[in-house]
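Residues per chain are reported as follows:
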Amino acid sequence: MLIIRRDEVLKLLSMRDVIEVVEEAFREKGMNAVQMPPKQYLFLEEGGDLRAMPAYLPRLGASGVKVVNSHPRNREKGLPSVMAIIELVDPATGRPIALMDGTEITAYRTGGASAVATKYLSREDSRNLCIVGAGAQSRRQLDAILEVRDIGRLLVYDVVRGAAEGLVEYARSLGRGLGAEAADAPRDCVEQADILVTATPAREPVVRDEWVRPGTHINAIGADAPGKEELDPAILLRSKIVVDDYEQTMHSGEINVPISKGILRRDQIYGELGEIVTGRKRGRTSRDEITVFDSTGLAILDIATARRVLEMARSAGLGLAMEGLGL
Ligand SMILES: NC(=O)c1ccc[n+]([C@@H]2O[C@H](COP(=O)([O-])OP(=O)(O)OC[C@H]3O[C@@H](n4cnc5c(N)ncnc54)[C@H](O)[C@@H]3O)[C@@H](O)[C@H]2O)c1
């Protein structure tokens, strides 16, 4: 059993590798070659939720479970909103083989999922990126999208001005000549977007339909539990909706509220990202269509990424070998 700390995971992970692993995991899902029951939630009265997320990818030899929370007010307490631990087991025996920090893996693989969606769904000439919600996920969203599109300008909106400015500062520190600015209102940022990322814990829409231009691609990241919602449902009604997983998104993704209110029907969902990655369905088919990737976060992405981290940790000699845990 190898125990891998957060700083070690950070040393080993690169966004480019994660995007490759995430795309492979979506391909496996598109070929129906994975097991991934929908995540299970505990809704904690104290102000957040706790989820168990198991997955098995036989061709990658990866099986395990992530345990992760989402507590939107944690930042007031000096803690991240989202924290996670991942356990990997040997698929042949069930023997625990690794226990690792999953907080960074969650942020990297969520960025990776947006990168894969952006590659297949956004216009190739997309230049302007708008990010609404400048918390922990937003940096990895930026890193990931920069890997797949030639972004020239970043606009950021957050209800906390300092958070938006923090992301702008980070973007400038990347040294890619990216023009980055904080916006005073979400409209100022959304109206100029070729690619829009929403990464807030909002429970009512923060993006209005009339602000979204034809041809925009939206990565809707924040809604990942029942009752969460970031987009005006009218946007969904005129968009090509691509989900990461039918069952999870109907229950807890961006579409969960409009589905439960009867505003949107399941047959209005275009497909899953895995179906596009495998070529069974086409991605963007016209310059003007609006595409929405509804991301709830998949356990297969966590477990496939964790498996890669374990291989890299073994060859780099990182991690603490420990007996007496599970065996
Ligand atoms: N889809 C996925 O796979 C996935 C993965 C991880 C996290 N999430 C979700 O993404 C969301 C963000 O996570 P995080 O870790 O970045 O949280 P965070 O607390 O670090 O950041 C959230 C940011 O959103 C801002 N915000 C809140 N309400 C807003 C509003 N109405 N308009 C604009 N900004 C607003 C906050 O000020 C904060 O800066 C959470 O809902 C989390 O559960 C989804």
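Scope of this entry: the structure provided in the associated data block. Everything numeric here is computed off the predicted structure, so don't read it as measured data.

1. Comments concerning the environment of N69
Now for step 1: Along the polypeptide, N69 turns up in strand β4 (residues 62–70).
Now for step 2: Expressed as a C-alpha distance, the spacing of N69 and I241, which sit 172 residues apart in the sequence, is 26 Å.
Now for step 3: If we skip the residues at most four places from it in the chain, N69 touches D49, L50, N74, S81, V82 and M83.
Now for step 4: At 2.9 Å, the side chain of N69 forms a polar contact with the side chain of H71.

2. Points about the site of the ligand
Now for step 1: Taken together, 28 residues lie near the ligand, and S70, S81, D158, D224 and K228 sit nearest.
Now for step 2: Within the side chain of D224, one N or O atom sits 2.8 Å away from an oxygen atom of the ligand.
Now for step 3: Protein chains bury 91% of the 860 Å² of accessible surface belonging to the ligand in isolation.
Now for step 4: At the level of secondary structure, the elements contributing two or more residues to the shell around the ligand comprise α3 (103–121) and α4 (136–148).
Now for step 5: Mapped onto the domain boundaries, the shell around the ligand takes at least three residues apiece from domain 1 (2–106 + 300–321) and domain 2 (113–297).

3. Brief notes about the sheet that holds strand β2 (residues 40–44)
Now for step 1: As summarised here, the arrangement of the seven strands in space is β2-β3-β4-β5-β6-β1-β15, forming an open sheet in which the pairing is mixed. On the outer flanks of this sheet lie β2 and β15 (320–321), each paired with one strand and no other.
Now for step 2: For strand β1 (residues 2–4) and β15, the ladder comprises two bridges, and the chain directions are antiparallel. Bridge pairing in β15 links L2 to A321.
Now for step 3: Helix-sheet contacts for α3 involve β3 (48–57), β4, β5 (84–89) and β6 (96–101), and the interaxial angle to β6 is about 80°.
Now for step 4: Of the strands in this sheet, β1, β3, β4, β5 and β6 are in contact with helix α11 (residues 299–316), which crosses β3 at around 70°.

4. Structural notes on the side chain of N74
Now for step 1: Along the chain, N74 turns up in the loop between β4 and β5.
Now for step 2: With a relative accessible area of 5%, N74 lands in the buried category.
Now for step 3: Ignoring anything within four residues of it in the chain, the contact list for N74 reads N69, L79, P80, S81 and M83.

5. A word on the sheet that holds strand β13 (residues 269–272)
Now for step 1: The strand order across the open sheet built from eight strands is β9-β8-β7-β10-β11-β14-β12-β13, with neighbouring strands paired in parallel fashion. Whereas interior strands pair on both sides, the edge strands pair on one side only; in this sheet they are β9 (179–182) and β13. Taking each pair of neighbouring strands and ignoring which way they run, the sheet shows an average axis angle of 20°.
Now for step 2: Where α4 meets the sheet, its contacts fall on β7 (128–132), β8 (153–157), β10 (195–198) and β11 (217–220), and the angle it forms with β7 comes to roughly 165°.
Now for step 3: Contacting β7, β8 and β9, helix α5 (residues 161–173) crosses the sheet at an angle of about 170° to β9.

6. Points about α4
Count 3.6 residues to each turn of an α-helix, and residues three or four apart come out pointing the same way.
Now for step 1: Most of α4 is tucked away, with 10 of its 13 residues classed as buried.
Now for step 2: Taken residue by residue, α4 has Q137, S138, R140, Q141, L142, D143, A144, I145, L146 and V148 as its buried positions.

7. Describing the state of the cysteines
Now for step 1: Scanning all chains against the criterion turns up one disulfide.
Now for step 2: The side chain of C130 participates in a disulfide bridge whose partner is C189; the two sulfur atoms lie 1.9 Å from each other. The chirality of the disulfide connecting C130 with C189 is right-handed, given an S-S dihedral of about 95°. Here the residue C130 occupies a position in strand β7, and C189 occupies one in helix α6 (residues 186–190), the gap between them amounting to 59 residues. The same class applies to C130 and to C189, which are both buried.

Criteria and cut-off values
Residues numbered from 1 in each chain as written. Predicted model: local features only at pLDDT ≥ 70, side-chain atom pairs only at ≥ 80, totals over all residues. Heavy atoms only, no water. Helix = DSSP H or I, 4+ residues; strand = E, 2+ residues; numbered from the N terminus. Contact = heavy atoms within 4.5 Å. Polar contact = N/O pair within 3.5 Å; in protein donor to acceptor, adjacent residues only side chain to side chain. Near = heavy atom within 4 Å. Areas by Shrake-Rupley, 256 points an atom, 1.4 Å probe, with all protein chains shown as cover. Domains from an automatic or database assignment. Pairing = 2+ DSSP bridges. Axes fitted to C-alpha atoms, helices over the stretch in contact; angles between N-to-C directions. Buried < 20%, exposed > 50% of the residue type's maximum accessible area, 1.4 Å probe, protein only. Disulfide = S-S within 2.5 Å.

These results come straight from atomic positions and should not be treated as a statement about function.
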